[in-house]
Amino acid sequence: SVLLFNNSISFLKFLRVIIIIFGIILIIINKKNDAGEKSKFSRWYLFSFLALFSFTIAVLVLKKATLSADFSSKEINLFSFGLNFLGFAILSRKELSNYFKDKARLKTFLPLVIAASAFSFLANLLSVKGLILAPNVGYHEAIKSTSIMFVTLLSIKLFSAGFSKLKILGVVLVILGIIILVI
């Protein structure tokens, strides 16, 4: 946002970003191989970083779209998710017909996907509204990203995800860095 939208960044804000990056490094560090890891190219954090860069570009492009055109958050989401739907439909065209044949799997899976979709819809609608109003795109994204704290803590309890003290310190540093970046 500093380069594209002329937002300012101070040395202290840059230092806070470094704290966040250090926290991410602590989360990634693993003295043992992750469960189920087959090769060094199948590491989960590779996909996480690719998603990070993809979401970063998407947010910046969406902010640019809100500044250069008079579209509402609903219209922006409609176009964005319409294209997402087409992409996933093309990628899943072979599996789609088999999916509806397995009724037992459908009964278990469908309610979860509907619930996740409802919250995703709400999150994306509110996210674009916040993006439109935010004085700095980074502030909006930083606040939104504090959801990692809840996801991390709940996944430990709900999915019995193992977590070391080092990884918890990493999450705390990321959250702390995000909070002080915005304040």
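Every value quoted in this text rests on a predicted model; they were computed, and no experiment measured them.

Conventions adopted
- Residues numbered from 1 in each chain as written.
- Predicted model: local features only at pLDDT ≥ 70, side-chain atom pairs only at ≥ 80, totals over all residues.
- Heavy atoms only, no water.
- Helix = DSSP H or I, 4+ residues; strand = E, 2+ residues; numbered from the N terminus.
- Buried < 20%, exposed > 50% of the residue type's maximum accessible area, 1.4 Å probe, protein only.
- Contact = heavy atoms within 4.5 Å.
- Areas by Shrake-Rupley, 256 points an atom, 1.4 Å probe, with all protein chains shown as cover.
- Core = buried A, V, L, I, M, F, W, Y, C linked by side-chain atoms within 4.5 Å.
- Patch = residues over 30% accessible without salt bridge, like charges linked within 9 Å, V, L, I, M, F, W, Y side chains within 5 Å.
- Salt bridge = Lys/Arg side-chain N within 4 Å of Asp/Glu carboxyl O.
- Expected span 1.5 Å × (residues − 1).
- Arc of directions from axis to C-beta.
- Axes fitted to C-alpha atoms, helices over the stretch in contact; angles between N-to-C directions.
- Left-handed = near helix turned anticlockwise from the far one by under 90°.
- Nonpolar A, V, L, I, M, F, W, Y, C, P; charged D, E, K, R; others polar.
- pLDDT = per-residue confidence, 0-100.

### Observations regarding the overall build of the chain
Check the secondary structure of the chain and you find nine helices and zero strands. For the chain, the α and β elements follow one another from N to C terminus as α-α-α-α-α-α-α-α-α. Residue burial in the chain is summarised as follows: out of 183 residues, 22% are buried. Contacts in the chain between residues far apart in sequence, at least 24 positions, make up 72% of those at least 6 positions apart. Carbon together with sulfur atoms contributes 74% to the accessible area of the chain, which is approximately 13,700 Å² in total.

### Here we look at the nonpolar core
The nonpolar side chains of a soluble globular protein tend to be buried, and buried together. If you look at the biggest cluster of nonpolar residues, it comprises five residues: Ile20, Ala142, Val174, Ile178 and Leu181. With three residues, the top contributor of residues to this core is helix H9 (residues 165-182).

### A short note on a nonpolar patch on the surface
Taken together, the side chains of Ile9, Phe11, Leu12, Phe14, Leu15, Ile18, Ile21 and Ile25 define a hydrophobic patch exposed on the protein surface, amounting to about 770 Å² of accessible area. Its place among the elements puts Ile9 in the loop between helix H1 (2-5) and helix H2 (11-28).

### Description of helix H4 (residues 73-91)
Helix length check: H4 (19 residues) gives 27 Å between terminal C-alpha atoms against 27 Å at 1.5 Å per residue, within 8%. When we look at burial in H4, the residues that qualify are Ser73, Ile76 and Asn77. Mapping the buried residues of H4 onto a view down its axis gives an arc of 90°, with all of them on the same face. Counted as exposed and oriented over 90 degrees from the buried face of H4: Lys74, Leu78, Phe79, Leu83, Phe85 and Ile90. Those residues of H4 that are buried are in contact with helix H3 (44-68) and helix H6 (103-133).

### Some thoughts on the environment of Ser145
Relative to the elements of secondary structure, Ser145 occurs in helix H7 (residues 137-145). The spacing of Ser145 and Ile175 is 30 residues in sequence and 8.2 Å in space, taken between C-alpha atoms.

### Quick look at the side chain of Asn77
Within the secondary structure, Asn77 is located in helix H4. Once you skip the residues sitting within four places of it in the chain, Asn77 turns out to touch Gly82, Asn124, Leu125 and Val128.

### As for the packing of H6 against H7
The geometry of H6 relative to H7 is characterised by a closest axis approach of 8 Å and an angle of 150° between their N-to-C directions. Both H6 and H7 take part in a crossing whose hand is right-handed. Packed against H6, whose contacting residues are Ser127, Gly130 and Leu131, the element H7 presents Val137, His140, Glu141 and Lys144 at the interface. When its residues are assigned to classes, the contact of H6 with H7 shows two nonpolar, three polar and two charged.

### Overview of the confidence of the model for the chain
In this model, the chain carries a mean pLDDT of 77, and residues with pLDDT of at least 70 account for 86%. The weakest mean pLDDT in the chain belongs to H1 at 68; the strongest belongs to H4 at 87.

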